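Take a look at the letters that make up each chain.
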Amino acid sequence: MSLHETRKIKLHQPENFQFDSIPDSHAWDNLHDHPTVEPVGPDTIPVIDLCDPKLIEKIGKACEGWGVFLISNHGIELKLLNQLCSQMHRLFALPADVKLKVAKADSFDGGYGGDPFSRFLPKYTWSESFTVLDSPLEHAKILWPNDFSSFCDVMEEYKTAMNRLGRRLMHAMLLSLGVSEEEINDTPFGDFSKIKTVYSLNSYPPCPEADRVLGLPPHSDTGFVTFVYDNGVSGLQILRREDDNDPKRWVTVPVVPNTFVVNVGDLMQVLTNGRFHNMVHRAIIGKTYHRMSAAYFFSPELDVKVSPLSKLIDPGVGPLYKTMTWPELQTKRSLSYGHALDAFKIDSN
Ligand SMILES: C=C1C[C@]23C[C@@]1(O)CC[C@H]2[C@@]12CCC[C@@](C)(C(=O)O1)[C@H]2[C@@H]3C(=O)O
Ligand SMILES: O=C(O)CCC(=O)C(=O)O
Ligand SMILES: [Fe+2]
């Protein structure tokens, strides 16, 4: 398969590149719009131990002040996480023509593809991804006709573990805002068991001109929260700004063994009526190491209506967002790049 053919589906195929310098199609010119800083001093991203007696307080502070944090002691076995990384390696090591057999028909489908923003942006990303909606079985049977179950078994275990972790974290986040267990159980998602399973496995191959290419352009995720686990190679950056007077900067998320990065998504901003803010992030590329990550989008079933929780609505101000379903928000996102939530804002005038 030629580079030209793979480009038609807007995909970066590292094995197709024979280059002395990167092709212009992949060279971004606005990567240094804000300075990049290390996560130190005031930019130290919180690491929260899920067994900390002060968990609720710490989570609340991290969500209000940051929108991103790392979690340790999360209860997911290292053995499973190592298996997840091995399966990611196995998947992305497949030849391009095999991976393309399960190419996404549309950017919001499950399957293999480039990044979903490429249709809005002038350049291609230096990445590939495989998105799973519910189960990878159908695709895995095409990728590995004689051995699909080792991939599926690991993914099934990962899904069960992540849904349990997601529920636990959502409870802690809402408890931190004073929403009681009873009130959480009265939400349309009950105890957060009405959850749609969606995750993306991402691959960011190294690039000799790493500072001119981009893995994923800046975006916020649309679900409640996203859990990112990577293979120990750094590359995730978050756009930090404490208040309007603070200069924006890209903070590189540190690699801390056996932790997940958690970031607040659009639907969490809606649910908390703006108390917690979505987090803009991007993925950059390294010069030497191949980064892989699994991003688990903890989000409601597709027909569930999400609106600000009544407990969190200031009576003097009212709700800041209209009721929406996850697909309605995603549809807005698929029509333009950035600010999908604005379409659901309630004008306070
Ligand atoms: C269900 C999904 C979540 C997701 C859109 C998608 O249909 C499949 C991929 C996901 C992803 C990955 C990159 C960032 C993101 C914002 C995007 O556009 O596609 C997320 C999506 C999301 O959070 O809505
Ligand atoms: O690879 C990462 O660290 C981030 C991935 C991500 O932001 C996404 O899949 O939405
Ligand atoms: Fe993301």
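Just so you know, these numbers come straight off a predicted model, no measurement behind them. (Residues numbered from 1 in each chain as written. Chains lettered and ligands numbered in written order. Predicted model: local features only at pLDDT ≥ 70, side-chain atom pairs only at ≥ 80, totals over all residues. Heavy atoms only, no water.)

**Details of the site of ligand 2**
As a reminder of what qualifies: If a single non-hydrogen atom of a residue is within 4 Å of a molecule or strand, that residue counts as near it. N or O atoms closer than or at 3.5 Å make up a polar contact, with two conditions inside protein: a donor-capable atom paired with an acceptor-capable one, and, for residues adjacent in sequence, both atoms drawn from side chains. Areas reported here follow the Shrake-Rupley algorithm with a probe of radius 1.4 Å; residue values treat only the protein chains shown as occluding. Cavities and pockets are defined on a 1 Å grid built over the protein atoms alone: a cavity is a set of grid points where a 1.4 Å probe fits but cannot escape, while a pocket is an open set with protein on both sides within 12 Å along at least five of seven lines, and lining residues are those with an atom within 4 Å of any such point. To qualify as sitting in a cavity or pocket, a molecule needs more than half of its atoms within 2 Å of the grid points.
Taken together, Asn-202, Tyr-204, Leu-216, His-219, Asp-221, Val-228, Leu-236, His-281, Arg-291, Ser-293, Ala-295 and Phe-297 make up the full set of residues adjacent to ligand 2. For ligand 2, an oxygen atom lies 3.0 Å from a polar atom in the side chain of His-281. Here ligand 2 has 300 Å² of accessible area as a free molecule, and 95% of this is covered by the chains. Structurally, ligand 2 is housed in the second largest pocket.

**Let's talk about unusual backbone geometry**
Put simply, the rule is: Where helices and strands are cited, they refer to DSSP runs of H or I of at least four residues and of E of at least two residues respectively, numbered from the N terminus. The classification of residues rests on relative accessible area computed with a 1.4 Å probe and restricted to protein chains. Under 20% of the type maximum is buried, over 50% is exposed, and intermediate values are partly exposed.
In this structure, Asn-73 is a non-glycine residue whose phi angle is positive, near 55 degrees. Its location among the elements puts Asn-73 in the loop between strand E3 (68–72) and helix H3 (78–92). Non-glycine residue Asn-273 carries a positive phi angle of around 50 degrees. Within the secondary structure layout, Asn-273 lies in the loop between helix H8 (266–271) and strand E13 (281–284). With relative accessibility at 8%, the residue Asn-273 sits in the buried group.

**What about the layout of surface pockets?**
To be explicit about the condition: Grid points are joined across faces, edges and corners, and a volume is the space filled by probe spheres set on the points. By the convention adopted, Pro, Cys, Tyr, Trp, Phe, Met, Ile, Leu, Val and Ala count as nonpolar, Lys, Arg, Asp and Glu as charged, and the other residues, Gly among them, as polar.
Estimates place the volume of the largest pocket at around 1100 Å³. Surrounding the largest pocket, 47 residues form its lining, Leu-239, Asn-278, Met-279, Val-280 and His-339 being those nearest its centre. For the lining of the largest pocket, the element with the most residues is strand E8 (residues 214–219), which contributes four residues. Volume-wise, the second largest pocket comes out at about 730 Å³. Taken together, 40 residues line the second largest pocket, and the ones lying closest to its centre are Pro-116, Thr-131, Ser-200, Asp-221 and Phe-297. At the level of secondary structure, the elements contributing two or more residues to the lining of the second largest pocket comprise strand E5 (128–133), strand E7 (198–204), E8, strand E9 (225–230), E13, strand E14 (291–300) and helix H9 (326–335). Here the residues of the lining of the second largest pocket are counted per class, giving 15 nonpolar, 16 polar and nine charged.

**Side note on the pairing of E9**
Spelled out, the test is: Each pair of strands is called paired provided DSSP finds at least two bridges between the two strands.
Across the six residues that make up E9, a large majority, six, are buried. Alignment of E9 against strand E12 (residues 260–264), held across four bridges, turns out to be antiparallel. Counted as the bridge partner of Thr-226 is Asn-263 from E12. With six bridges joining them, E9 and E14 adopt antiparallel strand pairing. Residue pairing in the sheet places Thr-226 in a bridge with Phe-297 of E14.

**What to know about the sheet that holds E13**
Read from one edge to the other, the open sheet built from five strands follows the order E1-E11-E10-E13-E8, with strand pairing classed as mixed. If you trace the sheet from one side to the other, it starts and ends with strand E1 (36–37) and E8, each paired once. As paired strands, E1 and strand E11 (residues 249–252) are joined by two bridges and run parallel to one another. Note that in E11 the partner of Val-37 across the bridge is Val-251.

**Things to note about the site of ligand 1**
Taken together, the neighbourhood of ligand 1 is formed by 14 residues, with Phe-108, Pro-116, Thr-222, Gln-330 and Arg-333 sitting nearest. Thr-222 has a polar side-chain atom sitting 2.3 Å from an oxygen atom of ligand 1. Here ligand 1 loses 96% of its free accessible area of 450 Å² to cover by the protein chains. Judged by the proximity of its atoms to the pocket grid, ligand 1 belongs to the second largest pocket. Going through the elements one at a time, E7 and H9 are the ones with two or more residues in the shell around ligand 1. Broken down by element, the shell around ligand 1 gets its largest block of residues, three residues, from H9.

**A word on the side chain of Ser-203**
Worth spelling out the cut-off: Contacts are assigned to residue pairs that have any heavy atoms within 4.5 Å of one another.
Checked against the element boundaries, Ser-203 lands in strand E7. Owing to a relative accessible area of 0%, Ser-203 belongs among the buried residues under this scheme. Not counting chain neighbours up to four residues away, the residues in contact with Ser-203 comprise Phe-92, Trp-126, Ser-127, Glu-128, His-290, Arg-291 and Met-292.

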